[in-house]
Amino acid sequence: MSVKMPPIDEALMTHREEIVAALRRIVPGEGVIDGEREMRPFESDGLTAYRQLPMVVVLPSTTQQVSDVLRYCHEHNIKVVPRGAGTSLSGGALPLGDGVLLGLSKFSRIREIDFENRVAVVEPGVTNLGISNAVAHRGFYYAPDPSSQIACTIGGNIAENSGGVHCLKYGMTTNNVLGLEMVLMTGEIVRIGGRHLDSGGYDLLGVITGSEGLLGVVTEITVRILKKPETARAVLIGFPTSEDAGACVGRIIGAGIIPGGMEMMDRPAIHAVEEFAHAGYPLDVEALLIVELDGGKAEVDHLIDRVEAIARECKASTCRVSQNEDERLLFWAGRKAAFPAVGRISPDYYCMDGTIPRAALPLVLSRMREMSEKYGLQVANVFHAGDGNLHPLILYDANVPGELDKAEAFGSDILRLCVEVGGVLTGEHGVGVEKRDLMPEMFSEIDLNQQQRLKCAFDAQGLLNPGKVFPTLHRCAELGRMHVRAGKVAFPDIPRF
Ligand SMILES: Cc1cc2nc3c(=O)[nH]c(=O)nc-3n(C[C@H](O)[C@H](O)[C@H](O)COP(=O)(O)OP(=O)(O)OC[C@H]3O[C@@H](n4cnc5c(N)ncnc54)[C@H](O)[C@@H]3O)c2cc1C
């Protein structure tokens with residue numbers, strides 16, 4: 001584990017028994033877990049190289065319980081890490097040894113479905129797919145669709161501003177959320193937004209979506225639901241080089257076509273997926289695009305013809321259009337199974353997430369190949385190509401001494417490259433602990449301090465999910481008085497972890 005976490009407050013830990021007893025009074029029954037063996041399932045999230053048992057796990061089932069737990073922790077200076085399903089790939093839900101792990105899994109109810117206003121009001125522990133399933137009988141769905149959608153929760157999606165295949169056309173989580181109920185670290189319960197399209201004042205929904213559990217605990221969400229398009233068809237397009245595939249992505253978007261989804265895989269990913277999912281992917285190509293067109297039938301047929309013509313101009317070697325719904329779903333089943341498929345060909349893999357301007361794709365791919373040679377580690381690439389969102393999967397073996405460190409260094413170089421070409425450190429997986437120490441690659445000290453001032457406005461004691469996102473720990477009072485001159489940090493003695 002190369003990223004340092006805040007040191008454990010040993011003085012606080014001497015009061016562990018009283019803290020657990022107090023939390024049991026707030027959440028009686030099985031809602032408080034303090035046995036070492038029972039807490040093991042919570043020690044890590046999707047970033048499995050990092051693990052740490054929490055001081056105690058608390059599983060409330062009402063907003064009032066969340067409020068009482070947070071108020072108690074605030075009064076006793078106890079850190080809190082919110083957790084949904086624990087599928088975060090950036091370590092956002094990694095527990096703290098002296099902190100409460102606040103699991104939202106019991107918040108699993110759909111509170112209301114309002115087809116007339118096209119919204120669903122749900123609790124944060126409902127899975128992403130659970131929302132679509134709940135409204136499917138009337139032909140509706142919830143558009144953002146992370147590959148982890150059978151497991152990940154909408155609360156986690158809000159915290160990470162999660163994306164998926166359909167976000168190119170229908171927007172990320174932030175574009176599909178209308179209202180929230182959230183509990184602040186002080187225990188105060190606030191409501192932001194509602195069923196309406198816009199609220200007066202600052203766009204606090206935008207601030208909270210993607211805030212990685214640092215500002216408050218979300219206890220209710222109002223999401224937009226959409227009517228399913230009349231038709232959707234997918235095209236599998238194979239290319240002799242990744243550069244040709246990258247160019248085709250730009251040409252399709254440049255022609256004014258916004259596909260429902262546009263995903264790309266390179267040769268190692270195609271082969272791993274085909275062996276696992278038998279989706280009918282061509283094996284004699286270097287890169288594969290899956291382009292989905294949706295809408296009215298005539299429109300979709302017309303767009304398919306245009307996409308096929310563009311693909312031919314971009315030197316596509318194969319082009320196959322789905323002929324029925326089963327085949328379309330099969331094309332996507334392969335893509336959605338890409339991570340587990342790669343998991344079969346390597347003992348371990350490290351999934352990176354960065355975003356670049358689409359035009360930089362060929363350059364970034366060729367630089368990644370050089371890095372792969374330099375580090376002696378293979379990489380399989382899966383992209384949300386339309387969004388320029390890269391997911392290089394770095395293959396390594398954690399049992400070989402030094403390989404994890406090499407994989408992490410390789411991943412950091414990829415992210416630096418993303419920033420260098422005008423992109424950003426994350427597309428949808430968040431910063432968490434994974435990219436925390438790379439934040440200065442993208443933001444100046446002044447930027448980071450301004451972002452922390454916002455955090456201070458919600459959580460002045462810095463008790464919610466500390467050690468995530470920000471590389472430097474500041475006390476809010478000091479930030480308030482801070483003057484940064486010529487980029488020099490005013491309080492060099494404040495600990496960095
Ligand atoms: C196989 C696989 C595929 C994936 N594919 C995608 C993908 O296609 N697109 C994508 O965007 N992500 C993807 N992910 C990443 C992950 O699924 C998402 O980040 C997801 O949103 C996390 O949801 P969760 O419920 O598991 O949250 P957790 O992992 O439990 O938590 C994530 C963050 O949210 C915070 N949090 C959780 N609940 C709340 C709450 N109620 N209030 C406040 N903060 C909260 C936590 O503190 C943490 O910081 C994938 C992960 C895996 C393992």
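As a convention, each chain's residues are numbered from 1 in the sequence order in which they are written. With the structure being a predicted model, the display of local features is reserved for residues of pLDDT at least 70 and the display and counting of side-chain atom pairs for 80 or more, all residues being used for whole-chain, interface and lining totals.

An unreviewed UniProt entry annotates the protein as FAD-binding oxidoreductase of Pseudorhodoplanes sinuspersici. Taken directly from UniProt, the Cofactor (unreviewed entry) text for the protein runs: "FAD". UniProt positions are given in the numbering used here, feature names are shortened, and annotations may be inferred rather than shown by experiment.

Visitor: Any chance you could explain the sheet that holds strand β5 (residues 110–114) here in plain terms?
Guide: The strands making up a sheet associate through backbone hydrogen bonding, with each pair oriented either parallel or antiparallel. Ordered by their spatial adjacency, five strands build an open sheet running β5-β6-β10-β8-β9, and the pairing between neighbours is antiparallel. Each end of this open sheet is capped by a strand with a single partner; those strands are β5 and β9 (189–193). Within this sheet the neighbouring strands show an average axis-to-axis angle of 10 degrees, counted without direction. At least two DSSP bridges between two strands are needed for those strands to be called paired. Working definition: helices are DSSP H or I runs of at least four residues, strands are E runs of at least two. Numbering for both runs from the N terminus. Two elements, strand β8 (residues 177–183) and strand β10 (residues 217–224), share six bridges in a ladder whose sense is antiparallel. When the bridges of β10 are listed, G179 appears paired with T222. Packed on one face of the sheet, helix α4 (residues 63–75) meets β8, β9 and β10 and runs near 50 degrees to β8. Running at roughly 130 degrees to strand β6 (residues 119–122), helix α5 (residues 128–135) makes contact with β5, β6 and β10 of the sheet. Every angle, taken between N-to-C directions, lies between 0 and 180 degrees, and every axis is a line fitted to C-alpha atoms, over only the stretch in contact when it is a helix. Any pair of residues counts as being in contact when their C-beta atoms, constructed from backbone geometry, are within 7 Å of one another.

Visitor: Can you walk me through the environment of C456 in this structure?
Guide: Structurally, C456 can be placed in helix α17 (residues 445–458). Spatially, the C-alpha atoms of C456 and L215 are 8.6 Å apart, while their sequence positions differ by 241 residues. In contact with C456, other than residues within four places in its own chain, are C476 and L479.

Visitor: In this structure, what is going on with the sheet that holds strand β4 (residues 99–103)? I would like to understand it.
Guide: Taken in spatial order, the four strands of this open sheet run β1-β2-β4-β3, and their pairing is mixed. Pairing within the sheet leaves two strands with one partner each, and these edge strands are β1 (32–33) and β3 (79–83). Direction of pairing for strand β2 (residues 56–58) relative to β4: parallel, over a ladder of three bridges. Within the sheet, the bridge partner assigned to V58 lies in β4 and is L102. Each of β1 and β2 is contacted by helix α2 (residues 16–26), which is oriented at about 10 degrees to β2, the strand it contacts most.

Visitor: Is there a simple way to explain helix α15 (residues 403–420) in this structure?
Guide: Every α-helical turn comprises 3.6 residues, leaving residues that sit three or four positions apart pointing alike. For α15, built from 18 residues, the straight-helix expectation of 26 Å at 1.5 Å per residue is met to within 8% by its first-to-last C-alpha distance of 25 Å. Inspection of α15 places E403, A407, F410, G411, I414, L415 and C418 among the buried residues, and these make up the whole buried set. For α15, the angular spread of buried residues about the axis comes to 135 degrees, placing them on one side. Taken together, the buried residues of α15 touch β16 (348–351), β17 (354–355), α14 (361–375) and β19 (389–396). Multiply 1.5 Å by the residue count of a helix minus one, and that product is the helix's expected span. Counting other C-beta atoms within 10 Å of a residue's own tells you its class, since 20 or more makes it buried, 12 or fewer makes it exposed, and anything in between is partly exposed; those C-beta atoms are placed from the backbone. To be clear, the arc concerns the directions from the helix axis to the C-beta atoms.

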